[in-house]
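# Survey of secondary and tertiary structure
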Amino acid sequence: MASSTRNGDTNEGEIRLWQEDSWWVAKDVDTGVTTQGESREEALDNLDDAVAVHTGERGREPTDEELRALGIDPANNATGGQEPPDVLD
């Protein structure tokens, strides 16, 4: 695995890219966001998209109107007193 470290220090904006079986894996070290793709370019493109969503540069919460158009009642779309699933921790 290659990385952009020098003297053991992590560089700002560091991305790690490695191959696992037939997939390329890309990780943004600062955010911890990790993606994969069938090629290096695809893995890096996916990483760009995922980091943008993670940092709020892309994406947004749906409006009540959009939820209703999908058949979801916003008033009933709440977790209430339930704990979120472990996968969201």
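This text goes with the structure placed above it.
This write-up is about the structure you can find in this document. These numbers were taken from a predicted model, which means no experiment stands behind them. (Residues numbered from 1 in each chain as written. Predicted model: local features only at pLDDT ≥ 70, side-chain atom pairs only at ≥ 80, totals over all residues. Heavy atoms only, no water.)

### Let's talk about the side chain of D28
Counting through the fold element by element, D28 comes out in strand β2 (residues 23-28). Although buried, D28 forms no salt bridge, and the nearest oppositely charged side chain, K27, lies 9.1 Å from it. Engagement of the side chain of D28 in a polar contact is seen with the side chain of T31, the distance being 2.8 Å. Every residue in contact with D28, bar those within four places of it in the chain, is listed here: E14, I15, V33, L47 and V51. (Helix = DSSP H or I, 4+ residues; strand = E, 2+ residues; numbered from the N terminus. Buried < 20%, exposed > 50% of the residue type's maximum accessible area, 1.4 Å probe, protein only. Lys, Arg positive; Asp, Glu negative; His and termini not counted. Salt bridge = Lys/Arg side-chain N within 4 Å of Asp/Glu carboxyl O. Polar contact = N/O pair within 3.5 Å; in protein donor to acceptor, adjacent residues only side chain to side chain. Contact = heavy atoms within 4.5 Å.)

### Quick word on helix α1 (residues 40-54)
End to end, α1 covers 21 Å across 15 residues, agreeing with the expected 21 Å (1.5 Å per residue, within 8%). For α1, the secondary structure elements touched by its buried residues are β1 (15-20), β2 and β3 (34-37). Once α1 finishes, G56 follows within two positions and takes phi at roughly 85°, a positive value. (Expected span 1.5 Å × (residues − 1).)

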